[in-house]
Amino acid sequence: MSDPRTVSAGRYPGPAPAEPGDLPEPPLIRLLLWAILAVALLARGLQAGEGLPYIHSWDEPLVAGRALVMMKTGNLNPDAFVYGTLPTYMDLVTDVFHYLWLMSRPASHPPFLASLDDVKTGFDSGWLWYVSHPSFYLWDRWLAALMGTGTVLMVYLIGRRIAGRWAGLAGAALLAGTAFHVEESAIGTVDNPMTFFVALAAWGAVAFVQEERLGYLLFALTACGLAVSTKITAALALLLPGAALALAGRRLAPARRRLAWLAVPVLPAAAFLAGSPYALLDLRRFLIDTGSMTRVYEVGPSGRSVIAPGVGHLMLQLGTMARNAGWIAVPFILIGILFLVSRRKGLILVLYAAAHTALFASSHLPHHRNFLTLYPLVSVAFGA
């Protein structure tokens, strides 16, 4: 028989209802999700070989190439902070495994290596886009493809929490097939891994608002620190856990609420230093390069504006995003944004997206890759 005390209070004995994020996936949903992720990984993995053995992306040698220099010299100081250093360290780990694989291969079955000193990069030759063994770049790009596919998964998980499983699937399917995201997920630069970490932070923030568990907030703050260690402009992602804490933190016990606010500056800083230790150990070089990049964004290269900041820049970027997502998807995205604004879990995504758009539309650089972090959020809106 039911406990009369719980019945009279309007409650029934037994475990609390499972949160949407905890419910097991039905077989059909699981099958469709695996199919979307497989397509996403296949598209990005096949794209990874584009151009090799030639290198065409300006940023790639300065990220992946430096990892090879670290492997050869044993010096873990990147000696440059124009780009975040965490992707270089991730490439370094990948390169070590690939080096051992090349060393295990006989000379009759190239590619192979006989000595670590046989690895040559643009830093050796003076020609930035040279690499003696392009397969190092291919493995680094496969790592990028995995992270890009991980972002597709995060779109599903975020969309599921906000609007249900089918919304999550629709959003994941859109991002999986967005050519711009596919291409950026198949080169060894910083924008794709930054987007992955920002998506992790978004998921943690949404989960915290939904379930009010401190662990989700701490996860989001850590992801923000890793994102900043990937690209310094990702600091704006702190709006995600910050807004989540402002919206839902008052329901925490006082001691846990104080701990949460203390973690806001501490955890991201710790995660940033874990991915960029030489930002502190080589502080002068970090400040010089970070200041240089700040000036490029705010003033323009060599003091000349590449594009005038303001409405014109904003319309250029929004138009490019609409073309990349597909004009058919645009009405659904706009309706989805209204849906997100109407819910606290979605509002924090819109606040971050609006702040990110405003910041970069006020800069002098027209590079659309600066808007890559918005594509997962746009996909969530489409699904919603």
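This section reports on the structure supplied with the text. These figures come from a predicted structure and were not determined experimentally. (Residues numbered from 1 in each chain as written. Predicted model: local features only at pLDDT ≥ 70, side-chain atom pairs only at ≥ 80, totals over all residues. Heavy atoms only, no water.)

### Brief notes about a nonpolar patch on the surface
Link 1 in the chain: A contiguous nonpolar surface patch, about 430 Å² in accessible area, is contributed by Leu28, Leu31, Leu32 and Trp166.
Link 2 in the chain: Top element by residues in the nonpolar patch is helix 2 (residues 27-47). It accounts for three residues.
Link 3 in the chain: By the secondary structure assignment, Leu31 is in helix 2. (Patch = residues over 30% accessible without salt bridge, like charges linked within 9 Å, V, L, I, M, F, W, Y side chains within 5 Å. Areas by Shrake-Rupley, 256 points an atom, 1.4 Å probe, with all protein chains shown as cover. Salt bridge = Lys/Arg side-chain N within 4 Å of Asp/Glu carboxyl O. Helix = DSSP H or I, 4+ residues; strand = E, 2+ residues; numbered from the N terminus.)

### A closer look at the side chain of Thr88
Link 1 in the chain: Assignment of secondary structure puts Thr88 in helix 4 (residues 86-103).
Link 2 in the chain: Exposure remark for Thr88: the relative accessible area of 4% places this residue in the buried category.
Link 3 in the chain: Residue contacts for Thr88: discarding those within four places in its chain leaves Val63, Arg66, Ala67 and Met70. (Buried < 20%, exposed > 50% of the residue type's maximum accessible area, 1.4 Å probe, protein only. Contact = heavy atoms within 4.5 Å.)

### Remarks on the packing of aromatic side chains
Link 1 in the chain: Per the counting criterion, the structure on display carries 12 aromatic pairs.
Link 2 in the chain: Between Trp101 and Trp139, the ring centres sit 5.8 Å apart and the planes meet at 40°, which makes this aromatic pair tilted. A residue pair is termed long-range when its members are at least 10 positions apart, and Trp101 in helix 4 and Trp139 in helix 6 (residues 135-163) qualify at 38 residues.
Link 3 in the chain: Take Trp139: its relative accessible area is 24%, and that puts it in the partly exposed class.
Link 4 in the chain: Among the aromatic residues, those joined into a ring-pair cluster are Trp58, Trp127 and Trp129.
Link 5 in the chain: The side chain of Arg161 reaches across the aromatic face of Tyr216, ending 5.3 Å from its centre. (Phe/Tyr/Trp six-rings, centres within 6.5 Å; stacked < 30°, edge-to-face > 60°. Lys NZ or Arg CZ within 6 Å of the ring centre and 35° of its normal.)

### Description of the environment of Cys224
Link 1 in the chain: Structurally, Cys224 is set in helix 10 (residues 214-230).
Link 2 in the chain: Since its relative accessible area comes to 0%, Cys224 is described here as buried.
Link 3 in the chain: Each C-alpha atom, one on Cys224 and one on Ala80, is 21 Å from the other, the two residues being 144 residues apart in sequence.
Link 4 in the chain: Beyond its immediate chain neighbours, meaning those up to four positions away, Cys224 contacts Ala201, Ala237, Leu238 and Pro241.

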